Each structure stands twice: as C-alpha cells, then as structure tokens.
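Structural description and commentary
Each chain, letter by letter, is given below.
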Amino acid sequence: MFESSKPSAIAYLSTDSDLFGSERSMLVAVKHLNRAVFEPRIITLWAGPLEDAARREGIKVERLDWLNVTRRDMWRLPWTAFRLAFWLRQEGIDILEFNQSNYVLLLAAWPAARLCGTRLVYRQRMFQNELRGLRRFLLSRVDQLISVSAGAVAPWRQGAPAWWRRFLERRLTVIHDGRDMARLEAFERDRSFVRDLGVPDGAPIVGMVGALDPNKRPDLFLRAARAVHERRPEARFLLVGSPYLGAQAQDYGDSLRALAADLGLSQRVVFTGFRHDAYRILQNFDVLVLPSRREAFSGVLLEALAAGVPAVASNVDGTPEIVVDGVTGLLIDSDRPEDYASKILGLLDDQEQRARLSQASRARARQFDQAMLTRRVEAAYCALAGRGAIERR
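The rules behind these values
- Residues numbered from 1 in each chain as written.
- Predicted model: local features only at pLDDT ≥ 70, side-chain atom pairs only at ≥ 80, totals over all residues.
- Heavy atoms only, no water.
- Helix = DSSP H or I, 4+ residues; strand = E, 2+ residues; numbered from the N terminus.
- Rg over C-alpha atoms; globule rule 2.2 N^0.38 Å.
- Buried < 20%, exposed > 50% of the residue type's maximum accessible area, 1.4 Å probe, protein only.
- Phe/Tyr/Trp six-rings, centres within 6.5 Å; stacked < 30°, edge-to-face > 60°.
- Lys NZ or Arg CZ within 6 Å of the ring centre and 35° of its normal.
- Pairing = 2+ DSSP bridges.
- Axes fitted to C-alpha atoms, helices over the stretch in contact; angles between N-to-C directions.
- Contact = heavy atoms within 4.5 Å.
- 1 Å grid on protein atoms, 1.4 Å probe; cavity = no way out; pocket = protein on both sides within 12 Å on 5 of 7 lines; lining within 4 Å.
- Points joined across faces, edges and corners; volume = space filled by probe spheres on them.

**Concerning the overall build of the protein chain**
Along its length, the protein chain carries 15 helices and 13 strands. Relative to a compact globule of 393 residues, whose C-alpha radius of gyration would be 21 Å, the protein chain shows 22 Å and is just as compact. Along the first, second and third principal axes, the C-alpha atoms of the protein chain reach 65 × 50 × 45 Å. Residue burial in the protein chain is summarised as follows: out of 393 residues, 58% are buried.

Next comes the structure, spelled out in structure tokens:
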C-alpha cells in the first residue's frame, strides 16, 4: 500500500474521547509529525473533548462509531473486521496505531490490516500487568510495539515463554512521550492563576494535577496534606483535575471533598476541577505530589520539569525514568501519608534544596522535548513503510 512519492497515511485509533493524560500525550506527538512525510488523522469511537482539541491543533478527526465493539457483542467482530478493511483500503491508510488497550477491537483490526497491507502499531501508554493467553497472542500479531517507558511493560517479560521474549526483543521499542518544552518554558510564572483560586500571596502551595482517580491516590495526598497542615498551617493544597466521566466517578469526587472536610482541610484544600490552564497553575506550586499506585509515564511530571517544580512521587513503573531521586525530585517507596508529608515538609523548609532541584529539573526537561522524540517515532514509522531517513530543513 505504501507509495514513497506521497506522505504515509497514519490513523491513530483512540478508544477514549476524553482528554486525560494518554490523549494529551497522543495529541502532542501527532502535532510534531513531519507533514511532508506523514499524513495523520485521529479516529474516535464517540464524541468527546479529544475531537475538539485535535481540530484546534489542525489534526484531521474522523469518528467511526461502528468500531465500538465490546465483549457483549463480539458476534459483530467478523463484520467489523471486513468493514474496517474496506475503510483502510478506501482511505489508503498505511499505518494503523492503537493508543489504548482494547483487545476486542484489536481482534478485528489484526485481520483487517492483514487483508489490505496496513502496518499495525500498538502504543502502550498505560501500565499493564503480565500478559497471558489471547492478549499475548494478539500483541504478537502487530508489526511494532512502542512503549512510553520500560517500566510500563516490565511485567510483560516476567515468567514469559521464550518465544514471547524473542518477539519483544524484535518488535518492542521504548520511546518516551514528551512535551513542547520550548513552548512551556516560554510561559512566565503568573501568581494570578492561583490568586484567582483564593490562594493568598506568599502561601506555600502543594498540589496534585491529574484525573481524580483511585489509582492516583488523591486520598493519600489529602491525608499527607493534613500532616503538613499541622506544621505549616499557612500552606494551601490544590487538586487540579476532574473525576472520570460517570456517576460512580462523581461519587468518588464527592467522597474526596468529604474526606477533606473530615480532615479539617475545607479552608485549605481547593478542588479546581478540569482546567485547560493546568500548567499555568502548576507553575505556582512549591511542590508537586504524585502518589500513584501505577504510573506508566506521567505527562504531569514532564510539565513539572519544564516549570522547575520539584516532585514528590511514588517510585513505581515509569516514574524513575522521569524523576531522578535527589536530583530533580524525591521518590518514595511507601504507602504511608506521613512519609509523603515528611518529604513535602523537608522541601518546604529548605529553600536551597528546592532551588537546586528546580534548576536540575529545567535542565532535564530538554531530554523530553517532543520534537526530538518524534524523530525516533518517525524513524520507526519509516522502517515500517520502507522509507529512507527523513531530511529536515
């Protein structure tokens, strides 16, 4: 299907149309592709903020709601596979890339791609436990596996058969997600973004940024905040983000507000909800906290590097590939709120250490500039497409 005389058409299939970490990272990556060589589009299954965000970046969006196949209607898979094959051939798609773990849909995409010569890429942006059975077999059918971190796929090798380990050696590559660091660094710190949230000038700010999800453990953050408050009553604590969609998610958000009240923090904790200007708020943090139970590769930690905000984070999965313990932030091997509080207080009390970590963070941020990382992704695509190296002007 590939023709070297025209750009390679790439379809990025996103089974989630929300705009959380994985979707934001995908948008940043697609935005930096060389349009003289690649013609990207994002495929969604249902309406959501991802579509509007992509269009604002000048990225073509197409909604294929007939791809929304679940375990309950797997009888539709043969029809879905043939319809997808027809669409891939009609649109001249050279590469189809999955951006979420949807093995039911992958069961249709694999034969569809084979029927029309489309290369299949699987991008791992979420932590995933050990693979077995059908899931392992399906991933062995893809042409390229790209993981955002080594930590995200570390369990894949544990106790795995020799054939699977050989497959990973051939087909798996780790390419970190990045951010437009020059753009982020160009923003000057503006206290009005937190002043408008009721934070007094001069008050230390400790915060979390991300979806209010049990995996992120905002409840642990609140309990740590209580211990910090006892020593530093002037400090303010910001939770920037919203629950995942749905009534159950909203109930979780309400339970966090109730917990903050029970801890006596109602006047010290601010729940901002989803904010498009989250980075401008983050710039004002004295300490970022990320106590996630699992974290493949946090975009928020990348943005903290650019902002020069030291992080206190759980030492899990891909996080050590971003945060250098004692150099750009502090890593914790503990689930105890008091241990997080101790590290936070240590940073709040030691301005020189914060300044040292901040300077090192800004220097390290350059390693995660998306323009540089995109060149590695493009090289992987060119290898699949049989193209030579890309010349950049």
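**Thoughts on the packing of aromatic side chains**
Tallying each qualifying case throughout the model produces 9 aromatic pairs. Plain terms: the ring middles of Phe221 and Phe237 are 6.4 Å apart, the flat faces sit at 75 degrees to each other, and that makes the pair edge-to-face. With Phe221 in helix α9 (residues 218–231) and Phe237 in strand β9 (residues 236–240), this pair connects stretches of sequence that are 16 residues apart. Phe237 carries the same exposure label as Phe221, and that label is buried. With 5.9 Å between their ring centres and 55 degrees between their planes, Phe297 and Phe368 make a pair best called tilted. Placement of the pair is Phe297 in the loop between β11 (287–290) and α12 (299–307) and Phe368 in the loop between α14 (351–365) and α15 (370–385), with a sequence separation of 71 residues. For the residue pair Phe297 and Phe368, the accessibility class agrees, reading buried in each case. Among the aromatic residues, ring-to-ring pairing joins Trp156, Trp163, Trp164 and Phe167 into one connected group. In this arrangement the basic side chain of Arg257 is found over the ring face of Phe271, its NZ or CZ atom lying 4.7 Å from the centre.

**A word on the sheet that holds strand β4 (residues 95–98)**
Across the sheet, which stays open at both edges, the 7 strands sit in the order β3-β2-β1-β4-β5-β6-β7 with parallel pairing between neighbours. Lying at the two open borders of the sheet, with one neighbouring strand each, are β3 (60–63) and β7 (172–174). Within the sheet, the average angular offset between the axes of one strand and its neighbour, ignoring direction, is 25 degrees. Here β4 runs beside strand β5 (residues 119–124); their pairing, made up of 4 bridges, is parallel. Residue pairing in the sheet places Glu97 in a bridge with Val121 of β5. In the packing of helix α4 (residues 103–116) onto the sheet, contacts are made with β1 (8–14), β4 and β5, and the angle to β5 comes to roughly 160 degrees.

**Some details on the layout of surface pockets**
Over the atoms a probe the size of a water molecule is rolled, and this reveals where empty space is left. Taken as a whole, the second largest pocket spans an internal volume of roughly 360 Å³. Around the second largest pocket, the lining is made up of 18 residues, and of these Arg189, Phe285, Gly308, Ser358 and Arg362 lie nearest the centre. Secondary structure elements with two or more residues in the lining of the second largest pocket: α12 and α14. Top element by residues in the lining of the second largest pocket is α14. It accounts for 5 residues.

**Focus: unusual backbone geometry**
A positive phi angle, close to 60 degrees, is found at Arg217, a residue other than glycine. Mapped onto the elements, Arg217 comes out in the loop between β8 (205–209) and α9. Its identity is not glycine, yet Asp317 carries a phi of approximately 50 degrees, on the positive side. Looking at the secondary structure, you find Asp317 in the loop between β12 (311–314) and β13 (329–332).

So yeah, pure geometry; function would need other evidence.
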